[in-house]
Amino acid sequence: MLILAVTAFALQGALPDSTSLRHTGGAAPQVVSAARIDRSPTLDGRLDDPVWRSAAAVAGLRQRDPDEGRAVSESTEVRVVYDGAALYVGARLFDRDPDAIARRLARRDVESPSDEFQVMLDSYHDHRTTFLFAVSAAGVQRDAVAGDDGDDFDPSWDPVWQAATSVDSLGWTVEIRIPFSQLRFSPAEAQLWGVRFVRWIQRKQELALYPFVPKTESGVASRFAHLVGLRDITVPRPPEVVPYVVTRGRFHRPTKANNPFDDGSTTVGGAGMDVKAGVSSNLTLDLTVNPDFGQVELDPSFVNLTEFEQFLPEQRPFFVEGADIFKFGGNGGGLTRFSGAPLYYYSRRVGRPPQGEPTSHGQFKDEPVSTTILGAAKLSGKTPNGWSIGAVEALTAREYATVIDTMTGGRFRDEVEPLTSYMTTRLKRNLHGGASSIGFLATAVNRDLYDPALKFLRSAAYGGGMDFQHRWHDNTYGLAGSLGGSYIRGEPEAIQIAQRSSNRYFQRPDSRHLRYDSTRTSLAGVSAEAYLSRLAGNWTWSAGGSTTSPGFEVNDLGFQQRVDRRSAALAGGRRWTKPGSAFRNAKATLTGSQSWNYDGDLIQRSLSAYAWGQFRNFWQADVNLAANSGVIDDRLTRGGPLARKPAGWTASAEASTDDRRRITGYAYASYTRNTAGGWYLSALPSITYRPSKAASVSLSIGYEGGWSPAQFVKRVTDTTATATLGARYVFAGIQQSSLYATLRTNLTFSRALSLQFYAQPFTFLGDYGGFRELAARKTFTFNQYGRDNGSTIVQNGDTYTVDPDGSGPARSFSIGNPDFRERSLRVNAVLRWEYRPGSTIFLVWSQTRSNEFTDVVDGVSHDFSQAVFHDRPTNVLLVKVSAWLRP
């Protein structure tokens, strides 16, 4: 908390007020005037209060879609007034066919196929930040925030504001009340904000803006009109307190008899609190004590056969809200982007499952499934001098597992996760009217490691860097880049694990650059990327380069996969924004990219083409074609010598139908093949049915399957294997297939009451066969056991015995049967009632079933019904009540 406070106040008053920033566009911005009122209007959606006549009407919205540049097809008038507490926006949205206005109910913050009116505000007036307030014709509210002058909106922002709508013979009307306490702005006496009004007419697929911005121009907040007339609106911001109480019951059939830790049912209660306090008019401090995330939707099932960790999105509200502040780096909006760029802040590290295992042995164990978050604090906003601030601190508890030895009756308590603090700080400064920015990021993880059993964890991990963006020539060109570094410290065991991880493989025997040192107690590295792009116009292009050194490591609080990489890419594209004979909009790009490791080996070379179009009937489709050259593979042997990656190609396509219909569809398919005969097929059709204005059902069925000639199995040390530098690298062909379905049902009883249901049966089969070893380094050729070099392989139950050279000197070794099947069913139902603004009751039921087998006789389709009816279920029932309180 001390760090957060110092960060906030050390930056106050250092530079000129951000409201003096000029508009980034070449032309002078349009102006919207707000009128001060003494009496607030009644929020009933009717616009019949006299106060609305005190403000001048804003008209002149123009279409961006479907007929770019034309006047909005239905007249629209908008007025803005304010008092000492809130900003009010009223809009008359005329419509010559009121019965055709789409008014579909949905849960708050869910975008539905309905007519909608949006207000976008840049209250910081930094020409970079957009606060979005949207109201559908059915009165459903949603809000979001975006930064960096882009349209990548973050819907996790959750302010408390009000809106009302009404439909009449002239069309529909909307009244919006946005409390100043929910916005962030400078303390200046006279305010200057940015504003945009947007109207969406669902049946016409029409999007109209004020002020109008062509599709060929880049930027969002930098293209806003100026909102003037706001004066003396500095308001007190008392703390907003959201206490909660929760009761959770867990019920299932025990897997072991007489387990003292598991009698089949557990009921626990808890309480916690979230606090939002205004440090100033534009800085907010969020605190959470004992947060509960029981209402969060379950993660989808997956099987990961790669050497890298699976990335999963954050879903917990405290960490999701405002996450956009901590985004670092980026391509500045250009066409190229490197997929392997490290993520410095990955909030799922906080509260993760314990990383240790009990050292005591026993039949019964009680292990925590997640680490308790004792408390967390987050500071966000802007200082008067134009610095954006984001800082978050979290403290997680020391966790223990309890083990009972049934032979002796002894009970042991082993530490499996240390007391840990996490800290991330983000600072960013906008310059030249928002056309440029420079930012800084720092992360820190510190663990209290006094238990020797946890010395495999790093005691400290630090990361950070600086990033920048600059645009010129009326946002036509952009330059963006970042430079960062990392440092980890720990016992030799911890740094050995880091050196040998799949991110870097320092132990590779034929590396010319990497050196494995078992005595090291620290590791450091750097990462950088840069992009130069043409962002505006019908023709665009982008060039980029990136590098991440072998020692770079941010996985303690971030997310990264491989390092030891240098990459370059060049892309060019064309877009068509005017409707033609076949398409309303279209774009196409061509991208070439190459990557090398730090030894200079070429590890990736590809050429891809992408095309997207929206047809005249409002269907959409895209296609992607990519060709990959044969290159060096420094990951195939999982830390062994270099191999080859065969050349191949990938084709994919997806299409979606007009979402104005009651039944809509989506389909995706891709196919990959390489010169070694490997292939992979993925297909995902989906259908959505909306039987009424308040209900929707969507079902998607996915299949993925293929064959790979080289799935890694194990490494066997053997000095006679001179062609592969003293070890045999065992692979197998693998036939894999996966079948899954996702069912989502949404029932909205009112704007405040909704029911969501989610179910996903999942099954996966991996059938290994044809065990083989890499024949020689820098190749993709294999010697198959039982066929080549006089080798033999004999199966005895679930064990294979291999003699790799028959009568030769090599020793025999064994391989366990790697075949497996997995299946699961995950179900989640959430009843959500916002009984008053900001206050919510959740009733949640979830069920999980799972099982795994070593035989692959039954196919994936058979496992669907088995998962539903035969596997043991675990049911969780949760009731959570929260209240938004404000003095």
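A few points on the structure. Everything quoted here is computed from the prediction, not taken from an experiment.

What follows deals with the overall build of the chain. A count of helical and extended segments in the chain gives four helices and 46 strands. Burial analysis of the chain (887 residues in total) assigns 52% to the buried set. Residue pairs in contact within the chain that sit at least 24 positions apart in sequence constitute 66% of those at least 6 positions apart. Here the chain has roughly 37400 Å² of accessible surface; of this, 55% comes from carbon and sulfur atoms.

Looking now at a nonpolar patch on the surface. A surface patch of nonpolar side chains, about 480 Å² in accessible area, is lined by Ile663, Ile687, Tyr689, Val697, Leu699 and Ile701. Of all the elements in the fold, those that place two or more residues in the nonpolar patch are β36 (679–692) and β37 (695–717). If you tally residues by element for the nonpolar patch, the top one is β37, at three residues. Within the fold, Ile687 resides in strand β36. The class of Ile687 is partly exposed, set by a relative accessible area of 43%.

As a further point, take the layout of surface pockets. Size it by volume and the second largest pocket reaches roughly 420 Å³. Arg352, Arg458, Ile497, Glu553 and Asn555 are the residues nearest the centre of the second largest pocket, which is lined by 21 residues in total. With three residues, helix α3 (residues 492–500) is the single largest residue contributor to the lining of the second largest pocket. Its residues assigned to classes, the lining of the second largest pocket comprises six nonpolar, seven polar and eight charged.

A word on the environment of Gly269. Here Gly269 lies in strand β15 (residues 265–280). Classification of Gly269 as exposed rests on a relative accessible area of 66%. Along the primary structure Gly269 and Leu878 are separated by 609 residues, whereas in three dimensions their C-alpha atoms are 9.6 Å apart.

An order of β2-β4-β5-β10-β9 is seen for the five strands of this open sheet, with the pairing classed as mixed. Looking at strand neighbours, the two that pair on one side only are β2 (35–36) and β9 (162–168), the edges of this open sheet. For β2 and strand β4 (residues 76–82), the ladder comprises two bridges, and the chain directions are parallel. Residue Arg36 lies in a different strand from β4, and its bridge partner there is Tyr82.

Here the structure, examined in full by the defined rule, presents six cavities of 30 Å³ or more. Empty space within the second largest cavity amounts to approximately 60 Å³. At the level of elements, β23 (436–448) and β24 (460–472) are the ones that each hand at least two residues to the lining of the second largest cavity. Counting residues per element, the lining of the second largest cavity draws most heavily on β24, at three residues.

A few words now on the packing of aromatic side chains. Overall, the coordinates contain 24 aromatic pairs when judged by the stated rule. Aromatic pair Phe117 and Phe197: ring centres 6.3 Å apart, planes at 15°, arrangement stacked. Here the residue Phe117 occupies a position in strand β6 (residues 116–122), and Phe197 occupies one in strand β11 (residues 193–201), the gap between them amounting to 80 residues. Three or more aromatic residues joined by ring pairs make a cluster, and in this case those are Phe712, Phe731, Phe780 and Phe782. Directly above the ring of Tyr516 sits Arg500, whose terminal nitrogen or CZ lies 5.5 Å from the centroid. Sitting over the face of the ring of Tyr598, Arg566 holds its NZ or CZ atom 3.8 Å from the ring centroid.

What follows deals with the pattern of salt bridges. According to the stated counting rule, one finds 38 salt bridges in the structure shown. Notably, a salt bridge pairs Glu74 with Arg203, separated by 3.8 Å at the nearest N-O pair. Taken as a pair, Glu74 in the loop between β3 (62–65) and β4 and Arg203 in the loop between β11 and β12 (206–210) lie far apart in primary sequence, 129 residues in all. In this structure Arg203 comes out as partly exposed when scored by relative accessible area, which is 23%.

Counting residues in each nonpolar core, the largest one holds 41 residues, and the members touching the most others are Phe117, Leu121, Ile176, Trp193 and Phe197. Looking at this core, the elements with two or more residues in it are β4, β5 (86–94), β6, β7 (130–136), β10 (171–179), β11, β12 and β13 (225–228). Excluding residues within four positions of it along the chain, Leu121 makes contact with Leu87, Thr129, Thr130, Phe131, Phe133, Ile178, Leu183, Trp193, Gly194, Val195, Phe224 and Leu227.

Looking at chain direction, strand β30 (residues 602–615) and strand β31 (residues 620–628) are connected through nine bridges and run antiparallel. Paired with Ala609 across the bridge in β31 is Leu625. Between β30 and β31, which pair antiparallel and follow one another directly, the connecting turn spans four residues, one of which, Phe618, has a positive phi of 75°. One ladder, built from nine bridges, connects β31 with strand β34 (residues 648–656); its direction is antiparallel. Paired with Asn624 across the strands is Ser652, a residue of β34.

Thresholds, definitions, all that
- Residues numbered from 1 in each chain as written.
- Predicted model: local features only at pLDDT ≥ 70, side-chain atom pairs only at ≥ 80, totals over all residues.
- Heavy atoms only, no water.
- Helix = DSSP H or I, 4+ residues; strand = E, 2+ residues; numbered from the N terminus.
- Buried < 20%, exposed > 50% of the residue type's maximum accessible area, 1.4 Å probe, protein only.
- Contact = heavy atoms within 4.5 Å.
- Areas by Shrake-Rupley, 256 points an atom, 1.4 Å probe, with all protein chains shown as cover.
- Patch = residues over 30% accessible without salt bridge, like charges linked within 9 Å, V, L, I, M, F, W, Y side chains within 5 Å.
- Salt bridge = Lys/Arg side-chain N within 4 Å of Asp/Glu carboxyl O.
- 1 Å grid on protein atoms, 1.4 Å probe; cavity = no way out; pocket = protein on both sides within 12 Å on 5 of 7 lines; lining within 4 Å.
- Points joined across faces, edges and corners; volume = space filled by probe spheres on them.
- Nonpolar A, V, L, I, M, F, W, Y, C, P; charged D, E, K, R; others polar.
- Pairing = 2+ DSSP bridges.
- Phe/Tyr/Trp six-rings, centres within 6.5 Å; stacked < 30°, edge-to-face > 60°.
- Lys NZ or Arg CZ within 6 Å of the ring centre and 35° of its normal.
- Core = buried A, V, L, I, M, F, W, Y, C linked by side-chain atoms within 4.5 Å.

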